[in-house]
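Working through the structure, step by step
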There are 2 protein chains.
Amino acid sequence: MAITVVGSVAFDSIETPAGRRERCLGGAATYFSLAASFFTEVRVIAVVGEDFGPSEEAVFNARKIDTRGIERASGKSFFWEGSYLDNLNEAKTHTTELNVFGSFEPKIPAAYSDSQFLFLANIDPVLQRRVREAMPHARLVGGDTMNYWIKDHRPALLEVLKGLDALLINDTETKMLTGSRSLVLSAAKIFEMGPKALVVKHGEYGATVFFGGTGGSQSPEQLAHRAFHVPALPLEEVVDPTGAGDSFAGGFFGYLASQPELTPTAYRRAMFYGSVMGSFAVERFGTERLQQLSREEIDHRFKLFRELTHLD
Amino acid sequence: MAITVVGSVAFDSIETPAGRRERCLGGAATYFSLAASFFTEVRVIAVVGEDFGPSEEAVFNARKIDTRGIERASGKSFFWEGSYLDNLNEAKTHTTELNVFGSFEPKIPAAYSDSQFLFLANIDPVLQRRVREAMPHARLVGGDTMNYWIKDHRPALLEVLKGLDALLINDTETKMLTGSRSLVLSAAKIFEMGPKALVVKHGEYGATVFFGGTGGSQSPEQLAHRAFHVPALPLEEVVDPTGAGDSFAGGFFGYLASQPELTPTAYRRAMFYGSVMGSFAVERFGTERLQQLSREEIDHRFKLFRELTHLD
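Values in this document were obtained by computation on a predicted structure and should not be read as measured data.

1. A few points about the overall build of chain A
Along chain A, the regular secondary structure elements total 12 helices and 13 strands. Relative to the compact-globule value of 20 Å for 312 residues, chain A shows a C-alpha radius of gyration of 18 Å, a close match. If you line up chain A on its principal axes, its C-alpha atoms span 55 × 45 × 40 Å. Buried positions account for 59% of the 312 residues belonging to chain A. Sequence separation of 24 or more characterises 64% of the internal contacts of chain A that already satisfy a separation of 6 or more. Carbon and sulfur atoms form 51% of the exposed surface of chain A, whose accessible area is close to 11900 Å². With 32 positive and 39 negative side-chain charges, chain A shows a spacing of 5 Å between the two charge centroids.

2. A word on the pattern of salt bridges
When the charged atoms of two side chains lie near each other, side chains of opposite charge can form a pair. By the definition in use, this model includes 44 salt bridges over all chains. In this structure, the salt-bridge partner of lysine 162 of chain A is glutamate 159 of chain A, at a minimum N-O distance of 2.9 Å. Remark: glutamate 159 of chain A and lysine 162 of chain A occur in helix H5 (residues 154–162); sequence separation between them is three residues, near one turn of the helix. You can call glutamate 159 of chain A partly exposed: its relative accessible area is 29%. Across the pair lysine 107 of chain B and glutamate 71 of chain B runs a salt bridge, and its minimum N-O distance is 3.1 Å. Of the two residues, lysine 107 of chain B is situated in the loop between strand E7 (92–97) and strand E8 (117–120) and glutamate 71 of chain B in strand E5 (residues 66–72); the sequence distance between them amounts to 36 residues. Connected via shared salt-bridge partners are Glu15, Arg20, Glu22 and Glu81 of chain A.

3. Some thoughts on the interface of chain A and chain B
Counting residues at the interface gives 46 residues for chain A and 46 residues for chain B. Of the roughly 4100 Å² buried between chain A and chain B, counting both surfaces, carbon and sulfur atoms make up 57%. A salt bridge links aspartate 312 of chain B to arginine 306 of chain A, with the shortest nitrogen-to-oxygen separation between them at 3.8 Å. The tally of links between chain A and chain B comes to 15 residue pairs in polar contact (both at pLDDT 80 or more). At the level of secondary structure, the elements contributing two or more residues to the side of chain A that touches chain B comprise helix H6 (171–178), helix H7 (183–193), helix H8 (220–225), strand E13 (227–230), helix H10 (264–281) and helix H12 (295–309) of chain A. The element that contributes the greatest number of residues to the side of chain A that touches chain B is H12 of chain A, accounting for eight residues. Grouping the amino acids of the side of chain A that touches chain B by side-chain chemistry returns 21 nonpolar, 11 polar and 14 charged.

4. Quick notes on the sheet that holds strand E2 (residues 10–16) of chain A
Residues and elements named next belong to chain A. Pairing in this open sheet of four strands is mixed, and the strands run E3-E2-E6-E7 from one edge to the other. Pairing within the sheet leaves two strands with one partner each, and these edge strands are strand E3 (19–26) and strand E7 (92–97). Across the sheet, the axes of successive neighbouring strands diverge by a mean angle of 15 degrees, strand direction being ignored. The sheet contact formed by E2 and strand E6 (residues 78–83) spans six bridges and is parallel. Directly across from phenylalanine 11, in E6, lies its bridge partner phenylalanine 79.

5. Things to note about helix H6 (residues 171–178) of chain B
All names here are of chain B. Along H6, the positions that sit buried rather than exposed are Asp171, Glu173, Thr174, Leu177 and Thr178. With its buried residues spanning 165 degrees around the axis, H6 presents them on a single face. Two or three places before threonine 172, at the start of H6, stands the capping residue asparagine 170, its side-chain oxygen 3.1 Å from that residue's backbone nitrogen. Immediately beyond the C-terminal end of H6, within one or two residues, lies glycine 179, with a positive phi of roughly 75 degrees.

6. What about the relation of the copies chain A and chain B?
Aligned on chain B, chain A shows an RMSD of 0.0 Å; the corresponding rotation is 180 degrees and the shift along the axis is 0.0 Å. Such a combination of rotation and displacement between the chain copies is what one expects of a two-fold axis. Looking at the interface residues of chain A, 100% of them are also at the interface in chain B, so both copies use one shared face.

7. Remarks on empty space enclosed by the protein
To find leftover empty space, one rolls a probe the size of a water molecule over the atoms. Residue and element names in this part refer to chain B. Tallying each qualifying case throughout the model produces one cavity of 30 Å³ or more. Empty space within the largest cavity amounts to approximately 30 Å³. The biggest single contributor to the lining of the largest cavity is helix H5 (residues 154–162), with three residues. Tallied by class, the residues present in the lining of the largest cavity amount to five nonpolar, three polar and one charged.

8. Considering the packing of aromatic side chains
Residue and element names in this part refer to chain A. On inspection of all chains with the given rule, the structure shows 38 aromatic pairs over all chains. Considering the side-chain rings of phenylalanine 32 and phenylalanine 253, the 6.3 Å spacing of their centres and the 55 degrees angle between planes classify their relative orientation as tilted. With phenylalanine 32 in helix H1 (residues 28–36) and phenylalanine 253 in helix H9 (residues 244–257), this pair connects stretches of sequence that are 221 residues apart. For the residue pair phenylalanine 32 and phenylalanine 253, the accessibility class agrees, reading buried in each case. Its guanidinium or amino end placed over the ring of phenylalanine 38, arginine 63 lies 3.7 Å from that ring's centre, counting from NZ or CZ. For the cation-ring pair, arginine 301 lies above phenylalanine 280, with the distance from its terminal atom to the ring centre recorded as 3.9 Å.

9. Here we look at the packing of H1 of chain A against H9 of chain A
Residue and element names in this part refer to chain A. The N-to-C vectors of H1 and H9 enclose an angle of 40 degrees; their axes lie 7 Å apart at closest approach. When the axes of H1 and H9 are compared, the pair comes out oblique. By crossing handedness, the relation of H1 to H9 is classed as right-handed. Here Ala28, Tyr31, Phe32, Ala35 and Ala36 of H1 come into contact with H9, specifically with Asp246, Ser247, Ala249, Gly250, Gly251, Phe253 and Gly254.

10. Side note on the pairing of strand E11 (residues 197–201) of chain A
Residue and element names in this part refer to chain A. E11 sits mainly inside the fold: five of its five residues count as buried. Along E11, one buried face is formed by Ala197, Val199 and Lys201 and the opposite face, lined by Leu198 and Val200, is buried too. Sheet topology note: the strand E10 (residues 166–170)/E11 ladder contains five bridges and is parallel. Each residue of the ladder has a partner; that of leucine 167, found in E11, is leucine 198.

Parameters and conventions
Residues numbered from 1 in each chain as written. Chains lettered and ligands numbered in written order. Predicted model: local features only at pLDDT ≥ 70, side-chain atom pairs only at ≥ 80, totals over all residues. Heavy atoms only, no water. Helix = DSSP H or I, 4+ residues; strand = E, 2+ residues; numbered from the N terminus. Rg over C-alpha atoms; globule rule 2.2 N^0.38 Å. Buried < 20%, exposed > 50% of the residue type's maximum accessible area, 1.4 Å probe, protein only. Contact = heavy atoms within 4.5 Å. Areas by Shrake-Rupley, 256 points an atom, 1.4 Å probe, with all protein chains shown as cover. Lys, Arg positive; Asp, Glu negative; His and termini not counted. Charge placed at Lys NZ, Arg CZ, Asp CG, Glu CD. Salt bridge = Lys/Arg side-chain N within 4 Å of Asp/Glu carboxyl O. Buried area = accessible area lost by both parts, 1.4 Å probe. Polar contact = N/O pair within 3.5 Å; in protein donor to acceptor, adjacent residues only side chain to side chain. Nonpolar A, V, L, I, M, F, W, Y, C, P; charged D, E, K, R; others polar. Pairing = 2+ DSSP bridges. Axes fitted to C-alpha atoms, helices over the stretch in contact; angles between N-to-C directions. Arc of directions from axis to C-beta. Least-squares fit on C-alpha atoms with pLDDT ≥ 70 in both. 1 Å grid on protein atoms, 1.4 Å probe; cavity = no way out; pocket = protein on both sides within 12 Å on 5 of 7 lines; lining within 4 Å. Points joined across faces, edges and corners; volume = space filled by probe spheres on them. Phe/Tyr/Trp six-rings, centres within 6.5 Å; stacked < 30°, edge-to-face > 60°. Lys NZ or Arg CZ within 6 Å of the ring centre and 35° of its normal. Parallel < 35°, antiparallel > 145°, perpendicular 65-115°, else oblique. Left-handed = near helix turned anticlockwise from the far one by under 90°.

Next up, the structure:
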């Protein structure tokens, strides 16, 4: 089944202990769609500037990603500059230039309207909601957000959450959204806001999905039945953590979209594929590794995750 | 096979968001031996003061723990007071009174000398080494340490590491010991110091074991074959995180000591039992939950960990 993703397509200048790269092709929608493209058909909605040329277009084309929804505007593309020198788990932002993204009005090509899967990457919740409403046939809607929207745009974000099936955010965002220290209690609060599944991304510690169910107090037994954990792959070196979470989301959602039925087993395997795609993304700068990946490598790594977690 | 553990038996006054308790029975050797006692015979080496009375003794007796190595000295037992009000992952220490522990000279009962498993809980590395040397028949030796010994008693600690098969420490201690940000590179450095296995405890994110093997640069494939991850159980509320790591160590080491052979599968299951025992420890203050536990509850929870991590 096809996925439509709306989000940023951007250029990133990144510094990590492994080195520095200027103006890599990046943005949440780029990482997401590259990762998801190994599992299913992907369609992107975004806006780029005149600096987005044939070589950037070729990255999407090589993975057969539908770019008819990438609008070309006059001006420059979204640009982000950041570093991870002290802490690989947290980017320090040096520059954010919204550029053409500042006046982004998502336009959805008619050819996208039959997408049964929709992912709202981290952008202004007002835009997320608009895209959600324009895609009423979406059978599974996932979304991401960030501290800025949680803190300063809460009412708009709460409207988006009402229309989400799955929310994928990190630990800090989870605690900020709910005011609770406990991920379990946070999940319960988030289920009341709309989503039926919460994927909490733990960075180097992997990710946990919680599934909504009966409300009220939960015993450890009930909780364990309704959660699933996947670690991150231990790596000698994380070259560049940028886009790891978006790549996780692409693997997770891409795998789900490729399945005939959204069973609990499909969700568990989707968590594995999410962590697999995140593990590749961080091996090189920007989207370099995702561009050079094969499905065989992905399936091989999936087996490594099984070894890393399964008793037998 | 019997385990001998040397470490602190203490009283703790603890404050967490769930409340406050005065002078709970605690100490690393207490948590460790209670947790391990569900799997195998446990023998303790420690020192206590006159405030350690029949009711404390009864806690050990109820679990058939051999306390002949607990020396009674005149004065008061080790006392610790701390809180976890801002962050459940990190204790804030208010008071540490070494009391009788300040002049502790471990004495090993003759009846302990055939112990094939030895655990050196977090105490002065000079004492850890002395106990290690007095137990030459130990077939598997595990140990723990803390930031204070890593920072200010490094030469003595390095001597202890030479005699360890397995080191169990947390993320911060691992990075402090090796100066490396990467757990994988840290593990490689620690294998050069002596241990053949490194268990890194991640608090609410579980734990990862790394096994030593061939040196040099490792591919993700090689690494995944030589690592195993277990999450922590998601809980609605962590009542008191004190002793979670020692309970993990007790479950891990206790299970290993109960096995006829130390196979890779035994190590994997030991990681699960470690996290199982940690998950019980934090459900109530101090050692309350470990005192009231049954083997049936442990085995039931082991199955929950399987559900939480296994695809099928």
